[in-house]
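# Working through the structure, step by step
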Amino acid sequence: MLDQCRYNRRTMRARQFIPEVQRVLEERGEPTYRLGQAYAALTGSLVRDWEEATSLPQGLRRTLNLEAPAAVLDLRRTWRATDGTRKYLFYTHDGHAIETVMIPEKGRHTVCISTQVGCPMGCKFCATGLLGIKRNLNAREIAEQVFVAARDIAPERVSNVVVMGMGEPMLNYNETLGALKVLNDPDGFGLAARHIALSTSGLVDKIRRFADEPEQFHLAISLHTPFEDERRELMPVAARHTIPELMEAARYFVTRTRRKLFFEYTLLAGVNDQPRHVEALAELLDHPLYHLNLLRFNWTDTGFSATSKRDAREFLRYARELGLSATLRPSRGQDIDAACGQLAAKDLRGRPQGMAQPVAITLGE
Ligand code: SAH
Ligand code: SF4
């Protein structure tokens, strides 16, 4: 009975995730279990060419390669930073560039994924925001970023996924959640929900909806200042919701889920790093499940500069003194523009696609 339920669930998820494959299978009159096999090959064995899917008959593999290829993203380039961080540049089938980052840290391998080509939110300090929005990524394009990184680091395993790359995931809710469910699916990629986190600039209705999802995904809200006028300056589009409205949604999230809620706070020199900010944060973040995640600004060509390491540590010390649960996150991958807010595929911006130099890397090494 249980097996039948699991089988049905996998078939349903597969239908949503790979409808093109289902269409080919139906046209060929293949038995229904082939869809589950194809889904397992993509999301579990991480095949990027159906020839690698040895559970499928050879004729079918050939047809699938022609009509519904296993890889939807074209991996064009990989960079490796001195601290071990890797950045991947992909092209979508319609010629858009997106970036993904893999961060190795204390035995963990965190993959930071993108959900949109660009971003419409226009945060003043963010390189992705400068691009504007081209289009949403679909669930397969979102999940495939993790599959490629996982192959790249094998036999090491991806231990965490953070939705903190290009784009505002809550503006692409269904496709993002579809991807996260596949990543979490024990019959798919199989990563525990508590190892998956999503960051939002603060769309309150979607924060509530996310809280109502059955999976135990983590959530981070980009706050950046406790003051309304400053927030409106820094994050113009996010200001469609006031801070009290945002905090109401935050309260709903922790009450409903009993999960820790992270507040992202990028320290910008002279802008949001003063003692008065700490004091107002201590008032605002008034729930034991709230956690303040400080990060120094990563350079982007936006006119801001980073709070010094010393001042950031002092900000952290004062926050803790006032009773906040807080940490200061080290910045990773800066020398290859892979740190938070730096993703923009900028070396290729404005150039015709054909001029990109493909760089061969060995997957699964
Ligand atoms: N759009 C979502 C998730 C992607 S951005 C969001 O904004 O939450 C991931 C995090 O990087 C956010 O907290 C964002 O505010 C932060 N960020 C953007 N630009 C940055 C920069 N230049 N330096 C440091 N953090 C930055
Ligand atoms: Fe978009 Fe997030 Fe960048 Fe703001 S910080 S522009 S929401 S990607």
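Residues numbered from 1 in each chain as written. Chains lettered and ligands numbered in written order. Predicted model: local features only at pLDDT ≥ 70, side-chain atom pairs only at ≥ 80, totals over all residues. Heavy atoms only, no water.

## Brief notes about the domain arrangement of the chain
Note: interface size is frequently given as the accessible area lost on complex formation between the parts. Taken domain by domain, the chain consists of domain 1 (2-67) and domain 2 (74-361). Inter-centroid distance (C-alpha atoms) of domain 1 to domain 2 is 32 Å. Tallying the contact residues gives 14 residues for domain 1 and 16 residues for domain 2. Summed over both partners, the interface of domain 1 with domain 2 comes to about 1,500 Å²; 53% of that surface belongs to carbon and sulfur atoms. Ranking the residues of domain 1 by area buried against domain 2 places Phe-17, Leu-46 and Arg-48 at the top, with a combined share of 44%. In this assembly, domain 1 and domain 2 are joined by 3 salt bridges. With its nearest N and O atoms 3.1 Å apart, the salt bridge here joins Arg-151 to Glu-52. For the side of domain 1 that touches domain 2, the secondary-structure elements that each account for two or more residues are helix H1 (2-17) and helix H3 (33-43). A total of 4 residues in the side of domain 1 that touches domain 2 trace back to one element, the largest contributor, which is H1. Here the residues of the side of domain 1 that touches domain 2 sort into 6 nonpolar, 2 polar and 6 charged. (Domains from an automatic or database assignment. Contact = heavy atoms within 4.5 Å. Buried area = accessible area lost by both parts, 1.4 Å probe. Salt bridge = Lys/Arg side-chain N within 4 Å of Asp/Glu carboxyl O. Helix = DSSP H or I, 4+ residues; strand = E, 2+ residues; numbered from the N terminus. Nonpolar A, V, L, I, M, F, W, Y, C, P; charged D, E, K, R; others polar.)

## Topic: the site of ligand 1
Near ligand 1 there are 19 residues, and of these Gly-167, Ser-199, Ser-222, His-224 and Asn-298 occur at the shortest range. Between ligand 1 and Ser-199 there is a distance of 2.7 Å, counted from an oxygen atom to a side-chain nitrogen or oxygen. His-224 is positioned with one of its side-chain polar atoms (N or O) 2.6 Å from an oxygen atom of ligand 1. Starting from 530 Å² of accessible surface for ligand 1 in isolation, the protein chains cover 95%. Those elements giving two or more residues to the shell around ligand 1 turn out to be strand S8 (196-200) and strand S10 (261-267). Counted by class, the shell around ligand 1 contains 6 nonpolar, 11 polar and 2 charged residues. (Near = heavy atom within 4 Å. Polar contact = N/O pair within 3.5 Å; in protein donor to acceptor, adjacent residues only side chain to side chain. Areas by Shrake-Rupley, 256 points an atom, 1.4 Å probe, with all protein chains shown as cover.)

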